[in-house]
Amino acid sequence: QLVESGGDLVQPGESLRLSCAVSSSISSFNTVTLAWYRQAPGKQRELVASISTGGSIEYEDSVKGRFTISRDNSKKMLYLQMNSLKPEDTARYYCNARPPWATVPWGQGTQVTVGS
């Protein structure tokens, strides 16, 4: 019901755009804050960015000025534009609500690898 895509292996300084397709069965899409999370090997999942229904946006400090979150309510899509990527951005990226939906399973995520 949450399908992330767009991850890839890139070099430092390059860009990626992640997309998240939310199933039409999730009726609350337009009424919740949405977010991108990431989990690096051996680390806990962390919040990267969130966007409210009114467009209020928050970013984790390390991605401020480099990442841009956006949403398209008509298409039930969430996006994350990532510029100036760094090796420390390497992680598996997930979308979900903030806080995460209690009854919607996490998606498979999409892998972002920066560097060789």
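See above for the structure.
Below or above, wherever it landed, is the structure these notes cover. (Residues numbered from 1 in each chain as written. Predicted model: local features only at pLDDT ≥ 70, side-chain atom pairs only at ≥ 80, totals over all residues. Heavy atoms only, no water.)

This part covers the state of the cysteines. Think of a disulfide as a covalent bridge from one cysteine sulfur atom to another cysteine sulfur atom. Under the definition given, this model contains 1 disulfide. The residue that forms a disulfide with Cys20 is Cys95, at a sulfur-sulfur distance of 1.9 Å. Residues Cys20 and Cys95 are joined by a disulfide whose S-S torsion is about 55 degrees; by sign, that bridge is right-handed. In this pair, Cys20 is assigned in strand β3 (residues 16-22) and Cys95 in strand β9 (residues 91-97), connecting sequence segments 75 residues apart. Residue Cys20 is classed as buried on the basis of its relative accessible area of 1%. (Disulfide = S-S within 2.5 Å. Helix = DSSP H or I, 4+ residues; strand = E, 2+ residues; numbered from the N terminus. Buried < 20%, exposed > 50% of the residue type's maximum accessible area, 1.4 Å probe, protein only.)

Here the focus is the pairing of β3. With 5 of its 7 residues buried, β3 lies for the most part within the structure. Across 4 bridges, strand β1 (residues 2-5) lies against β3 in antiparallel orientation. Paired with Ser5 across the strands is Ser19, a residue of β3. The pairing of β3 with strand β8 (residues 77-82) spans 6 bridges and is antiparallel. For Leu18, the partnering residue across the bridge sits in β8 and is Leu80. (Pairing = 2+ DSSP bridges.)

If you trace the backbone, Thr68 turns up in strand β7 (residues 67-72). Of the residues examined, Thr68 reaches a relative accessible area of 44% and is grouped as partly exposed. With 51 residues separating them along the chain, Thr68 and Arg17 place their C-alpha atoms 9.3 Å apart. With residues near it in sequence (within four places) discarded, Thr68 still touches Tyr59, Tyr79, Leu80 and Gln81. (Contact = heavy atoms within 4.5 Å.)

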